[in-house]
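Understanding the architecture of this molecule
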Amino acid sequence: MSENSAKHLIIGGGIIGCSIAYHLTRMGEENVVLLERAGLTEGATWHAAGLVGQLRSSRNTTRMLQKSVAMYDRLQNEEGLNFDWKKTGSLRLAATRDRMLEAKRLATMARSFDLEMQIISPSEAKDLFPLIDAAGLEGAAFIPSDGYVDPASLCQAIAGAARRQGADIRLNVEVTDFTVAKGRITSVHTTEGQWDADTVILATGMWSRELGAKLGIRVPACAVEHQYIVTESTGAEIGHYPTLRDPERLVYYKPDVAGRLVIGGYEDDTVAFGNPWIPERFVRQLLPENMDRFLPLAELASQVTPIVNEVGIRQVINGPIPYSADGDFVMGWQPGFDNLMMATGFLYGIAAGGGAGEMIAEWIVAGSPSLDLWPLDVRRFGPHHGTRAFMFPRAVEHYAHHYKMRYPGQEHETARQLRLSPLYRRLKDAGAVYGSKNGWERSLWFAPKDVEPVDQLDFLEPGWKRFAAEEHKAVRERVALIDQTSFAKFEILGEGTLGALQWLCVSNMDKPEGAIIYTQMCNAAGGIEADVTFIRLGRDHFRMITGSGFGVHDSDWLGRNLPKGVHVVDVTSGCAVLNLVGPLSRKVLETASESDVSNQAIPFSTASDIVIGAAPVLAARIGYVGELGYELHIPTEFAAHVYDALWTAGQKNGIANVGYRAVESLRMEKGYVYWSGDISPDYTPIEAGLGFRVHLKSKGDFLGRNVLEDQKNNGTSRRLCTFVSDAHLPLTGGETILRDDQVVSLATSAGFGYSVGKTILRGYLDQTHWGTTEFMLEVFGERHGITQVDGPLYDPENRALKA
């Protein structure tokens with residue numbers, strides 16, 4: 001037993017840790033203790049620039065940041081705390097045509113997120129920030145509810161409020177080690193004795209890697225150098241100015257006291273900090289200034305605000321700022337531990353601090369946050385993300401691209417070719433244009449022999465679409481091969497497996513051996529935690545297949561809910577998957593296999609052991625594109641042999657290679673959903689149109705049953721709907737759906753259906769709109785008519801699928 005005890009032990013006294021302490025105590029939690037190795041704010045918080053922006057690419061991340069603004073408003077306006085919070089708005093300049101399209105796209109997204117963002121003219125932008133040179137600008141975007149704050153004062157104010165609510169904040173107490181037993185932190189070792197706690201929260205910013213290493217974890221977060229300058233006075237009263245960003249010129253601005261400007265930016269080739277480790281006593285320190293590296297940004301800033309050429313530089317700040325392996329936060333329960341909550345990797349911790357602290361507190365107290373935060377969840381990372389070889393180069397790349405133009409679908413360039421399918425070289429030689437998913441190289445589309453295999457991206461008319469359209473056609477009319485080796489695959493086995501899966505899954509799992517069961521795993525509120533496929537291999541033996549990026553998440557959900565004696569074994573690397581699909585797929589399989597592959601031998605939704613060439617294969621008659629097809633599970637060493645046999649057998653049938661961009665258009669036509677887009681813990685299977693997978697009569701109790709049974713019997717207040725347009729609209733998801741000028745939904749996913757000749761999108765509608773057919777869709781600031789239809793658009797009777 002340790003000499004000190006806490007219910008919730010927070011490690012780290014920056015903005016995130018203090019906010020977590022504030023929200024836990026505000027929710028009524030007692031015995032909340034925060035340990036800080038030095039003084040509050042003395043990591044990265046004290047030298048942060050202090051911009052508070054809310055709009056992000058994820059709806060729920062934006063909502064979380066809106067909670068920050070609401071908290072700062074409340075603390076300053078209602079509770080009378082003073083931390084120099086100025087809600088003056090934010091201005092984003094658009095210096096080129098594509099930047100204007102980007103701004104309009106963001107404004108459309110903001111509207112669907114219920115965040116006001118105005119598109120304004122260059123002259124209106126200059127009225128808001130008179131120091132800019134508006135010549136040549138295409139326009140700008142303005143968010144009135146953004147602002148800026150003094151970071152250190154904000155953190156101290158939050159800490160003070162947390163103390164008044166009962167939080168015990170202890171300074172100059174350093175965590176030195178941990179004791180772990182059976183996946184639980186049983187003791188936290190510090191310079192002032194040992195602590196035990198029900199929950200340990202790691203809010204240690206750039207030191208998270210060091211502490212994680214003591215726990216055997218490679219935390220996917222690090223730090224990079226970031227510089228900004230404080231100018232001498234401009235001679236103007238600028239305290240009422242909005243913050244300013246000019247992404248084309250890579251710079252940002254914050255008004256400072258006495259007419260001074262804070263100017264920073266994101267240059268190429270910043271320096272990773274703490275590689276391999278942070279110096280042990282690095283506390284409230286800055287790094288040597290590097291004006292050679294900052295000079296290009298200064299020159300760009302002089303184009304935005306020419307007064308920079310006239311005023312001197314008062315101070316140069318070069319400090320390490322936290323970054324993660326994908327540039328976003330690292331939050332949630334750490335896989336492999338029962339009581340470790342992660343709250344680190346906050347690049348924009350001042351903007352996120354209030355909302356992130358609230359979400360973490362909810363996660364701890366209620367078991368999950370009120371917003372699905374998958375884009376920020378630690379379980380989106382694999383083991384490779386936390387390695388120095390991956391994380392530091394990727395963090396530096398993310399930093400350099402913080403403001404650079406990123407087109408929809410643009411891929412990263414660093415830390416590539418980590419996880420390669422056995423078919424990688426064959427497909428590369430066939431013209432594959434590769435993207436990356438959880439470290440896997442995956443074919444996006446295939447370039448014909450006379451086309452350079454380089455991705456062709458654009459906001460309005462990306463060049464890759466014409467090639468994906470041909471691949472789409474091959475699947476619908478002939479036969480195709482899709483390398484899906486990157487699927488995450490797990491064997492669940494051991495005494496009690498069937499009973500455990502019956503409890504966790506909404507479908508009846510007690511099907512014959514060889515049955516394929518597509519199902520959802522829900523939480524107690526009926527929200528969809530995982531959307532997966534199982535193959536029953538034995539009485540208490542199943543294989544689970546899920547998406548490339550969801551393996552850690554889904555296996556962690558299983559692991560936290562399975563009884564002892566039931567084991568989860570990751571078999572992803574040992575099993576390649578090749579999807580043979582299309583109306584002629586059975587003919588090709590018959591040619592390549594000596595086994596009986598007839599409809600009678602392998603009916604729809606069953607799996608059978610067959611031989612292809614000389615290779616043993618588990619042929620699963622299931623798919624994600626809506627055609628006759630087989631997902632072929634192949635021992636990795638046989639994958640190339642099987643591919644060659646099928647490719648040779650399919651020559652007379654016009655066989656083609658197909659990438660994931662075509663898969664997306666095919667699944668949209670068929671009405672198939674995607675977890676983290678169309679479905680998530682925010683929605684139930686009944687709301688998502690998956691009620692046919694919820695088996696209430698053929699099985700007993702299961703997790704979430706009460707909610708789903710009520711929805712099946714009494715209906716829901718919202719549901720996932722399908723919309724179409726005859727126009728070929730440039731959609732990527734997140735667009736605003738309107739009725740009578742009122743926002744009624746956003747596009748959860750979107751694409752063009754080449755077989756049906758329509759743009760297809762999905763979105764949730766409240767019951768009041770179910771009978772309405774005509775809506776408007778806002779795309780790059782322009783509105784287009786869309787029609788609600790019954791889905792799916794392609795083969796609603798499943799004749800092709802079950803042929």
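Before going into details, it helps to say that this report is about the structure given with it. (Residues numbered from 1 in each chain as written. Predicted model: local features only at pLDDT ≥ 70, side-chain atom pairs only at ≥ 80, totals over all residues. Heavy atoms only, no water.)

The antiparallel open sheet is built from seven strands, whose spatial order is S35-S34-S38-S39-S33-S37-S36. In this open sheet, the two strands that pair with only one neighbour each are strand S35 (742-746) and strand S36 (749-753). Between one strand axis and the next, the sheet turns by 40° as a mean value, whatever way the strands run. As paired strands, strand S33 (residues 718-725) and strand S37 (residues 758-766) are joined by eight bridges and run antiparallel to one another. In the strand pairing of S37, Val 724 is matched with Ile 760. Helix H3 (residues 97-112) contacts strand S34 (736-739), S35, strand S38 (774-779) and strand S39 (782-789) of the sheet and is inclined by roughly 60° relative to S34. Seen against the sheet, helix H16 (residues 660-670) touches S36 and S37 and runs at an angle of roughly 95° to S36. (Pairing = 2+ DSSP bridges. Helix = DSSP H or I, 4+ residues; strand = E, 2+ residues; numbered from the N terminus. Axes fitted to C-alpha atoms, helices over the stretch in contact; angles between N-to-C directions. Contact = heavy atoms within 4.5 Å.)

A few words on the nonpolar core. If you look at the biggest cluster of nonpolar residues, it comprises 129 residues, and the most contacted ones within it are Met 64 and Met 331. No other element matches the nine residues that helix H8 (residues 349-366) contributes to this core. Ignoring sequence-local partners within four residues, the contact set of Met 331 consists of Met 64, Met 342, Phe 346, Ala 356, Met 359, Ile 360, Trp 363, Leu 373, Leu 376, Asp 377 and Val 378. The next biggest cluster of nonpolar side chains, apart from the first, holds 33 residues, and it includes Tyr 434, Leu 481, Ala 592 and Ile 634. (Core = buried A, V, L, I, M, F, W, Y, C linked by side-chain atoms within 4.5 Å. Buried < 20%, exposed > 50% of the residue type's maximum accessible area, 1.4 Å probe, protein only.)

In the contact formed by helix H1 (residues 15-26) and H8, the axes pass within 8 Å of each other and the chain directions differ by 45°. With respect to H8, the axis of H1 lies oblique. With respect to the hand of their crossing, H1 and H8 are arranged in right-handed fashion. In this structure, H1 contributes Ile 15, Ile 16, Ser 19, Ile 20, His 23 and Leu 24 to the contact, and H8 contributes Gly 349, Ile 350, Gly 353, Gly 354, Ala 356, Gly 357, Glu 358, Ile 360, Ala 361, Ile 364 and Val 365. Residues of the contact of H1 with H8, tallied by class, amount to 10 nonpolar, six polar and one charged. (Parallel < 35°, antiparallel > 145°, perpendicular 65-115°, else oblique. Left-handed = near helix turned anticlockwise from the far one by under 90°. Nonpolar A, V, L, I, M, F, W, Y, C, P; charged D, E, K, R; others polar.)

With respect to the secondary-structure elements, Thr 204 resides in the loop between strand S11 (193-202) and helix H6 (208-214). In contact with Thr 204, other than residues within four places in its own chain, are Ile 11, Gly 12, Leu 211 and Ala 343.

On to the side chain of Asp 540. Within the secondary structure, Asp 540 is located in the loop between strand S25 (528-538) and strand S26 (541-546). If we ignore the near neighbours within four places in the chain, the residues touching Asp 540 are Ile 492, Leu 493, Gly 494, Glu 495, Gly 496, Thr 497 and Leu 498.

Here we take up the sheet that holds strand S29 (residues 607-612). With mixed pairing, six strands are arranged side by side in an open sheet as S29-S30-S31-S28-S22-S32. This sheet does not close on itself; its edge strands, each paired only once, are S29 and strand S32 (656-657). Taken together, the seven bridges between strand S28 (residues 575-581) and strand S31 (residues 629-635) define a ladder with antiparallel strand orientation. For Leu 578, the partnering residue across the bridge sits in S31 and is Leu 632. Against the sheet, helix H15 (residues 639-649) contacts strand S22 (480-483), S28, S29, strand S30 (615-620), S31 and S32, and its axis sits at roughly 10° relative to S28.

What follows deals with the pattern of salt bridges. A side chain with one charge may pair with a side chain of the opposite charge, provided their charged atoms come close. Within this structure, the stated rule accounts for 45 salt bridges. Several salt bridges share partner residues, and in doing so they unite Arg 92, Arg 99, Glu 102 and Glu 248 into one network. (Salt bridge = Lys/Arg side-chain N within 4 Å of Asp/Glu carboxyl O.)

Taken as a whole, helix H14 (residues 585-592) has its buried residues at Ser 585, Arg 586, Val 588, Leu 589 and Ala 592. For H14, the angular spread of buried residues about the axis comes to 160°, placing them on one side. Contact partners of the buried residues in H14: S28, S29, S31 and H15. (Arc of directions from axis to C-beta.)

For the rest of this paragraph, the subject is the pairing of S35. In this structure, S34 lies alongside S35, joined through four bridges in antiparallel fashion. Bridged to Thr 736 within S35 is Leu 746.

Before going further, it helps to spend a moment on the packing of aromatic side chains. Under the counting rule described, the total for this entry stands at 25 aromatic pairs. Between Tyr 252 and Tyr 266, the ring centres sit 6.1 Å apart and the planes meet at 50°, which makes this aromatic pair tilted. Of this pair, Tyr 252 sits in strand S14 (residues 251-255) while Tyr 266 is found in the loop between strand S15 (261-265) and strand S16 (272-273), placing the two residues 14 residues apart along the sequence. Judged by its relative accessible area of 3%, Tyr 252 falls in the buried class. Judged by relative accessible area, which is 9%, Tyr 266 ranks as buried. In this structure an aromatic cluster arises from ring pairing among Tyr 252, Tyr 266, Tyr 323, Tyr 399 and Tyr 403. (Phe/Tyr/Trp six-rings, centres within 6.5 Å; stacked < 30°, edge-to-face > 60°.)

Let us now look at unusual backbone geometry. Here the bond from Asn 275 into Pro 276 is cis, since omega is 15°, no more than 30 degrees from zero. By secondary structure assignment, the location of Pro 276 is in the loop between S16 and helix H7 (291-304). Residues Gly 791 and Pro 792 are joined by a peptide bond in cis, for which omega reads 0°. Even without being glycine, Asp 269 reaches a positive phi, approximately 60°. With respect to the element layout, Asp 269 can be found in the loop between S15 and S16. Even without being glycine, Asn 798 reaches a positive phi, approximately 65°. As for its placement among the helices and strands, Asn 798 is situated in the segment after S39.

With that out of the way, let us pick up the packing of H14 against H15. Two measures define how a pair of helices packs: the angle their axes make with one another and the distance between the axes. With their axes 8 Å apart at the nearest point, H14 and H15 run at an angle of 115° to one another. Considering how the two elements wind past one another, H14 and H15 form a crossing that is right-handed. Where H14 abuts H15, its residues Val 588, Leu 589, Thr 591 and Ala 592 lie against Ala 645, Leu 646 and Ala 649. Residue composition of the contact of H14 with H15, by class: six nonpolar, one polar and no charged.

Note that every value here comes from positions in space, so none of it alone points to a role or purpose.
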